[in-house]
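# Close look at the chain arrangement
Given next are the chains, with one letter for each unit.
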Amino acid sequence: MAKTYLKLIDENVDGNGTNVETVLCVETDALTNGQIGRIKEAIERCKEDGEYYTDDCIDAAINQLESEGLKVECCTPESEIYF
């Protein structure tokens, strides 16, 4: 089965413009608009209390995908190039 990569970005986590980026590798040919919407909803539910942790939102996204029968893992790039 093909893999789809989904990047999650928690924006401005420290109030100084720092973003935290996480890439999920999902075993599926493609994510549907419905699946993307449900992932966003799961993350928004996680953030409803006001103060939240990035890891909790990532877990919410992973749990949503796994509840739909998809295999998910966090991916780390083997290398990065800044320019």
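Residues numbered from 1 in each chain as written. Predicted model: local features only at pLDDT ≥ 70, side-chain atom pairs only at ≥ 80, totals over all residues. Heavy atoms only, no water.

Next up on the list: helix α1 (residues 33–47). Compared with an ideal rise of 1.5 Å per residue, which puts 15 residues at 21 Å, α1 spans 21 Å between its outermost C-alpha atoms and is within 8% of the ideal. Within the sequence span of α1, burial applies to Gln-35, Ile-39, Ala-42, Ile-43 and Cys-46. For α1, the angular spread of the buried residues around the axis is 95°, confining them to a single face. Exposed positions of α1 whose direction lies more than 90 degrees from the buried face are Asn-33 and Lys-40. On the buried face of α1, the contacting elements are β1 (3–10) and α2 (54–67). (Helix = DSSP H or I, 4+ residues; strand = E, 2+ residues; numbered from the N terminus. Expected span 1.5 Å × (residues − 1). Buried < 20%, exposed > 50% of the residue type's maximum accessible area, 1.4 Å probe, protein only. Arc of directions from axis to C-beta. Contact = heavy atoms within 4.5 Å.)

Let us now look at the sheet that holds β1. Where strands meet in a sheet, backbone hydrogen bonds hold them as pairs that are either parallel or antiparallel. On the basis of which strands lie adjacent, the open sheet formed by 3 strands has the order β1-β2-β3 and antiparallel pairing. In this open sheet, the two strands that pair with only one neighbour each are β1 and β3 (72–75). Within the sheet, the average angular offset between the axes of one strand and its neighbour, ignoring direction, is 30°. Where strand β2 (residues 20–27) and β3 come together, 4 bridges link them in antiparallel fashion. Opposite Cys-25, over in β3, you have Glu-73 as the bridge partner. (Pairing = 2+ DSSP bridges. Axes fitted to C-alpha atoms, helices over the stretch in contact; angles between N-to-C directions.)

Two numbers describe how α1 lies on α2: the axes approach to 8 Å, and their chain directions differ by 145°. In this structure, the crossing between α1 and α2 has a hand that is right-handed. Between α1 and α2, the residues in contact are Arg-38, Ile-39, Ala-42, Ile-43, Arg-45, Cys-46 and Lys-47 and Asp-56, Cys-57, Ala-60, Ala-61, Gln-64 and Leu-65, respectively. Here the residues of the contact of α1 with α2 sort into 8 nonpolar, 1 polar and 4 charged. (Left-handed = near helix turned anticlockwise from the far one by under 90°. Nonpolar A, V, L, I, M, F, W, Y, C, P; charged D, E, K, R; others polar.)

Let's shift gears to α2. Over its 14 residues, α2 extends 20 Å from the first C-alpha to the last, a length consistent with the 20 Å expected when each residue adds 1.5 Å. All of the buried residues along α2 are Thr-54, Cys-57, Ile-58, Ala-60, Ala-61, Ile-62, Gln-64 and Leu-65. Those residues of α2 hidden inside the fold are in contact with β1, β2, α1 and β3. Two residues or fewer past α2, Gly-69 is found with a positive phi of approximately 85°.

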